[in-house]
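# Report on the structure
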Amino acid sequence: MELKKTLLNEIHRELKAKMVPFGGWDMPVQYTGILQEHTATRTDAGLFDVSHMGEIFVEGKADAILPFLEKMTCNTVESLVDGQVQYNAVVNEAGGLVDDITVYKFSPQKYMICSNASNFEAVTEHLKKYASSDILVENRSASYHQIALQGPKANQILEKYLGRELDSILYYHFAEILFRGETLIVSRTGYTGEDGFEIYSSLEMGINLWKELLAMGADFGLVPVGLGARDTLRLEAKYPLYGHELNAEWTPVESGIGFVVKEKKNPYLGYQRIIADKKNKPKQKVVGLILDEPGIFREQCEVFSMDGTSIGKTTSGSHSPSRKISLGMAMLKLEFTENGTAVTVDIRGQKKKAHVETLPFIKGSVRNQK
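Residues numbered from 1 in each chain as written. Predicted model: local features only at pLDDT ≥ 70, side-chain atom pairs only at ≥ 80, totals over all residues. Heavy atoms only, no water.

### Some thoughts on the pattern of salt bridges
Across all of its chains, the model carries 19 salt bridges by this definition. K4 is the salt-bridge partner of E121, the closest N and O atoms lying 3.7 Å from each other. Here E121 is found in helix α4 (residues 120–130), whereas its partner K4 is found in strand β1 (residues 4–5), with 117 residues between them in sequence. K4 gets classed as partly exposed once you look at its relative accessible area, which sits at 33%. A salt bridge links E138 to R140; the nearest nitrogen and oxygen atoms lie 3.0 Å apart. Owing to a relative accessible area of 33%, E138 belongs among the partly exposed residues under this scheme. (Salt bridge = Lys/Arg side-chain N within 4 Å of Asp/Glu carboxyl O. Helix = DSSP H or I, 4+ residues; strand = E, 2+ residues; numbered from the N terminus. Buried < 20%, exposed > 50% of the residue type's maximum accessible area, 1.4 Å probe, protein only.)

### Some remarks on the packing of aromatic side chains
Using the criterion set out here, one finds 10 aromatic pairs in the structure. Both rings, one in Y268 and one in Y271, keep their centres 4.8 Å apart while their planes meet at 75°; by these two values the pair is edge-to-face. The class for Y268 is buried, based on a relative accessible area of 3%. Owing to a relative accessible area of 16%, Y271 belongs among the buried residues under this scheme. Here the aromatic residues F57, Y104, F106, Y144, F174 and Y200 are joined through ring pairs into a cluster of three or more. Just above the ring of F106 sits the side chain of K110; from NZ or CZ to the centre is 4.7 Å. Directly above the ring of F361 sits K238, whose terminal nitrogen or CZ lies 4.6 Å from the centroid. (Phe/Tyr/Trp six-rings, centres within 6.5 Å; stacked < 30°, edge-to-face > 60°. Lys NZ or Arg CZ within 6 Å of the ring centre and 35° of its normal.)

### Observations regarding the sheet that holds strand β12 (residues 182–187)
Across the sheet, 6 strands lie side by side as β11-β12-β13-β10-β4-β14; this open sheet has mixed pairing. Edge positions in the sheet fall to β11 (174–179) and β14 (222–225), since each has one partner strand and no second. Within this sheet the neighbouring strands show an average axis-to-axis angle of 25°, counted without direction. Where β11 meets β12, 6 bridges bridge the pair, whose relative direction is antiparallel. Within the sheet, the bridge partner assigned to I177 lies in β12 and is L184. (Pairing = 2+ DSSP bridges. Axes fitted to C-alpha atoms, helices over the stretch in contact; angles between N-to-C directions.)

Listed below in C-alpha cells is the structure:
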C-alpha cells in the first residue's frame, strides 16, 4: 500500500530528514537527531508537521448538535464556551475508544473535531452513523493544513511573526486570526508538555507558514522536529498515544484518561461500562513507570510484581532526554498502580527494577488553565 504524503514531504527531504511510515503516512522521524530536537523544544522551540491529522466539522442547529456530541463523547461538551478547546474521546458501543480528540467550539451551531491521522476516517464514519439528517458531519482534512509550534519561546516567535499579541489566547482556547487575507485557526494546545500553538490554515498558507516560521524563528533556537522527539516529548508529558495507551477495547478510565469521563443525564455510547469503571475502579489501569537501573524498555515488555507474578505489560517506553532515565507507561493490574510501587520489567530476558510513577515526569512550560 502506497504511503500518503503531506504537502511538506519534499521540504522534509530537502532538510535531510529521515523518513519512516507512520499511520499510513510517509513522515520525518528526525532531522538533525532526536536528542537535539527534543532538547530544543524543551529549552527554545520546535516546529512539527502535523498536517496528517484530521479536521472534522459538525454543523447544524444548536438543539441538535449538542445532544449528538454528548452522546458520542464522554466529556461534557455543554461546558464549552465559544473559542474554547476540550480534550475528549469519541467512544464506541462497547465503551472503548474510537479516538481521543480535541473539540473546538466556534458557536452553538459549529464545532470542529481534531482527530488522529490514522483514525479520522473511522471517526467520521462513526459520527455519521449516529448523526440525524439535520446534522452535517464533514471530513475537511484534505482542505486544512496543520503545524504545531511548541516550546517556551513559541509565544514570542509567533507574536513576532503574526505581528500581534497572543497572551489573550488562554490554554486550551483558540482564536480566528486574519493574516494575509486568510483566517487562521490558532489554538494554544499541543502534544509536548510545553507552551505553544497548533495552527490551522489553507494548504498553500501552510507551506509558507512552515518555511517562514523556521527562517524567522532560527534566531530564537527554533528547529524542525520529527516523530522521534515528538514521541519522547509526549512520553515525558505523560500524554497517551492511540494504539499504545488507547484502543477500541479499553475504556477511557482503564487507559489513564478517566479525567475526561463525566456522568450525564443522557448517556453516551458504552456508558454503563465506562461509568462502572469510574465509580468502582477498573481491574487494570495505565500508569507511568520509571526504570531504576540501566536499560531502556519499549512497548509490550512484561511487568512483574516483586514476587514474580505477571501483572501487565508496558504500552510505551523510551529514554528520557530531559531526565536521563528510562520511562514510559504500562497497563497494570489495579492493585499495583499506587505511586512508588516496586515492580520489575522484562527487557530482553532480564528483569530490571522499576517503580510506578503517578506524578508528572516533567514540569514543562504549559500555561495554567484559566
